[in-house]
Amino acid sequence: MAATGRERLFHFRSRLEELDCPYLGGVEDSWMEELLFKPGEPRLRLLQWILGKFDPVMYNMLENQQSKALGQNDSRVQKLLFACHLLGLCKSDDIDLVQGSKSRNKQAVFWENLLDLVSAVESSGQIHRFTTPVRTASLQSAAHFSLEEQFKNDCYFFDALCRQEDLQDIFRSKVQLYPPDLIKTTSGLEHKKIPDEKQLMSVTEKLASELEEQSKQLDELRENAPLCDADAITVEKVSKTLSLSLTTMAQVVSGFLHCFETEMKPWCKRQAPILSEVGPAFSRVHSLLLRYTQLLQSVGTIKCSYSQICHDSKAKYPNDTRVIQV
């Protein structure tokens, strides 16, 4: 079983290396296992990169989504799920497969199908556009019917479709077009007042001064640590690794802030408890009990010593009647 797992990792690694994956430079098999089969930011980054190899527009969309909602992966995961569903890799609600919570066999099938698609695109150099069954049926029907007959058939079909269900049910349900994290972020914005012009100018000046200071620090850093001449592939790999590390660090900081807000901050705002006199009373009783216990132990020690002396005296002078019996 272990050999099969290693062979599977070697197979996926070789296929990713054929696609020039930037996340495989000098990594071990344990990292490959985490990259492919364990939930987390590395898996999402790899999935985003592979989808970008399939369609660069999709990669830009996911990259912009990640930069806008750093630490909030709901929108990005939903977009990844939507993209994988469009490619026929999973169901529309199979978010566990995208996140990496499914079994390894299902994830292996998922990665195999995805890599097959990307390899086919890379080998052909373009994305083939297939004709959908609905479009094929419409083209075939257009060849047998005239435009007027086709229009009548479409009207009959739409009429029958509307009579199957009550159209009022369509407008009763409230549809949420935005993911929950965006709704939570934008809630209450309509009640906020527009800031004053002076306030905006002060904020602008503050940002300009901070930007100037950061620019000076960047110039000093460039002077102290000049960049070495490297090829574009090495620079891209280093940039991807640095981006992944910064994203992971941002997630750690976000997790700590969430833990502080939910677990620690409520205790910081509470008032100090008011203590009663029960504590000092228990302390006095405990100290008296401790002294009494020590006194009993001392008496027991004296008794043991006296018994030992009598026993030694009796053993040394067995015929002496003056030895006291204990």
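The structure presented is a predicted model; accordingly, all values stated were derived computationally and were not measured. (Residues numbered from 1 in each chain as written. Predicted model: local features only at pLDDT ≥ 70, side-chain atom pairs only at ≥ 80, totals over all residues. Heavy atoms only, no water.)

1. Brief notes about the overall build of the protein
Scanning the protein for helices and strands turns up 14 helices and zero strands. Secondary structure elements in the protein, listed N-terminal to C-terminal, are α-α-α-α-α-α-α-α-α-α-α-α-α-α. Out of the 326 residues in the protein, the part that is buried amounts to 20%. Within the protein, counting contacts between residues at least 6 apart in sequence, those at least 24 apart form 58% of the total. On the protein, roughly 25800 Å² of surface is accessible, and the fraction owed to carbon and sulfur atoms is 60%. (Helix = DSSP H or I, 4+ residues; strand = E, 2+ residues; numbered from the N terminus. Buried < 20%, exposed > 50% of the residue type's maximum accessible area, 1.4 Å probe, protein only. Contact = heavy atoms within 4.5 Å. Areas by Shrake-Rupley, 256 points an atom, 1.4 Å probe, with all protein chains shown as cover.)

2. Section: the packing of aromatic side chains
The relation between two aromatic rings is expressed through the spacing of the ring centres and the mutual angle of the planes. According to the stated counting rule, one finds two aromatic pairs in the structure shown. Ring centres of phenylalanine 12 and phenylalanine 37 lie 6.3 Å apart, and the angle between their planes is 70 degrees; on these two criteria the pair is classed as edge-to-face. Pair noted here: phenylalanine 12 is in helix 1 (residues 2–18) and phenylalanine 37 is in helix 2 (residues 29–37), with a separation of 25 residues, a long-range link. On the basis of relative accessibility, which here comes to 2%, the residue phenylalanine 12 falls in the buried class. (Phe/Tyr/Trp six-rings, centres within 6.5 Å; stacked < 30°, edge-to-face > 60°.)

3. Some words on the layout of surface pockets
The volume enclosed by the second largest pocket comes to roughly 230 Å³. Taken together, 13 residues make up the lining of the second largest pocket; nearest its centre are Asp20, Cys21, Pro22, Ile233 and Lys237. Those elements that place two or more of their residues in the lining of the second largest pocket are helix 3 (41–54) and helix 13 (232–268). With four residues, the single largest contributor to the lining of the second largest pocket is helix 13. Taken together, the residues of the lining of the second largest pocket sort by class into six nonpolar, one polar and six charged. (1 Å grid on protein atoms, 1.4 Å probe; cavity = no way out; pocket = protein on both sides within 12 Å on 5 of 7 lines; lining within 4 Å. Points joined across faces, edges and corners; volume = space filled by probe spheres on them. Nonpolar A, V, L, I, M, F, W, Y, C, P; charged D, E, K, R; others polar.)

4. Here's the deal with unusual backbone geometry
Phi angles above zero are rare outside glycine, and aspartate 20 is one such case at about 60 degrees. Looking at the element boundaries, aspartate 20 is found in the loop between helix 1 and helix 2.

5. Details of the pattern of salt bridges
Evaluation of the coordinates by the stated rule reveals seven salt bridges. Among the ionic pairs, glutamate 17 bridges to arginine 13, the shortest N-O distance being 3.3 Å. Placement of the pair is glutamate 17 and arginine 13 together in helix 1, with a separation of four residues, close to one helical turn. Classification of glutamate 17 by relative accessible area gives partly exposed; the value is 44%. The class of arginine 13 is buried, set by a relative accessible area of 16%. The partner of arginine 15 in a salt bridge is glutamate 112, with the nearest N and O atoms 2.8 Å apart. Within this pair, whereas arginine 15 is found in helix 1, its partner glutamate 112 is found in helix 7 (residues 104–124), the two being separated by 97 residues in sequence. Three or more residues are tied together by salt bridges with common partners; here these are Arg15, Glu112 and Asp116. (Salt bridge = Lys/Arg side-chain N within 4 Å of Asp/Glu carboxyl O.)

6. Quick notes on the packing of helix 2 against helix 3
It is at 7 Å that the axes of helix 2 and helix 3 come closest, and there the two elements cross at 70 degrees. Of the possible angle classes, the one that applies to helix 2 and helix 3 is roughly perpendicular. Of helix 3, the residues touching helix 2 (which contributes Trp31, Leu35, Leu36 and Phe37) are Pro42, Arg43 and Leu46. Its residues placed into classes, the contact of helix 2 with helix 3 shows six nonpolar, no polar and one charged. (Axes fitted to C-alpha atoms, helices over the stretch in contact; angles between N-to-C directions. Parallel < 35°, antiparallel > 145°, perpendicular 65-115°, else oblique.)

7. Details of the nonpolar core
Leu16, Leu36, Leu46, Leu47, Ile50 and Trp111 are the most contacted members of the largest nonpolar core, which totals 36 residues. Only helix 1, helix 2, helix 3, helix 5 (74–86), helix 6 (95–99) and helix 7 provide two or more residues apiece to this core. Residues within four places of tryptophan 111 in sequence aside, it is in contact with Phe12, Leu35, Leu36, Phe37, Arg43, Leu46, Leu47 and Ile50. (Core = buried A, V, L, I, M, F, W, Y, C linked by side-chain atoms within 4.5 Å.)

8. A word on the side chain of arginine 15
Given the relative accessible area of 12%, arginine 15 is considered buried. Looking at arginine 15, its side chain comes within polar contact range of the main-chain oxygen of leucine 115, at 3.3 Å. Within the local environment of arginine 15, its side chain forms a polar contact with the side chain of aspartate 116, the two groups lying 2.8 Å apart. Non-local contacts of arginine 15, meaning those with residues more than four positions away in its chain, are made with Glu112, Leu115, Asp116 and Ser119. (Polar contact = N/O pair within 3.5 Å; in protein donor to acceptor, adjacent residues only side chain to side chain.)

9. A short note on the state of the cysteines
According to the stated counting rule, one finds zero disulfides in the structure shown. Not engaged in a disulfide, the cysteine cysteine 84 finds its nearest cysteine sulfur in cysteine 90; these two sulfurs lie 5.1 Å apart. Of the residues examined, cysteine 84 reaches a relative accessible area of 0% and is grouped as buried. (Disulfide = S-S within 2.5 Å.)

10. Brief notes about the packing of helix 3 against helix 13
The interhelical angle for the contact between helix 3 and helix 13, taken along N-to-C directions, is 140 degrees, at an axis separation of 10 Å. Relative to helix 13, the element helix 3 lies oblique. Note that helix 3 runs across helix 13; the crossing there is right-handed. The segment helix 3 lies against helix 13, with Glu41, Pro42 and Arg45 engaging Ser243, Leu244, Thr247, Thr248 and Gln251. Residue composition of the contact of helix 3 with helix 13, grouped by class: two nonpolar, four polar and two charged. (Left-handed = near helix turned anticlockwise from the far one by under 90°.)

Treat this as a map of the structure, not an account of what it does.
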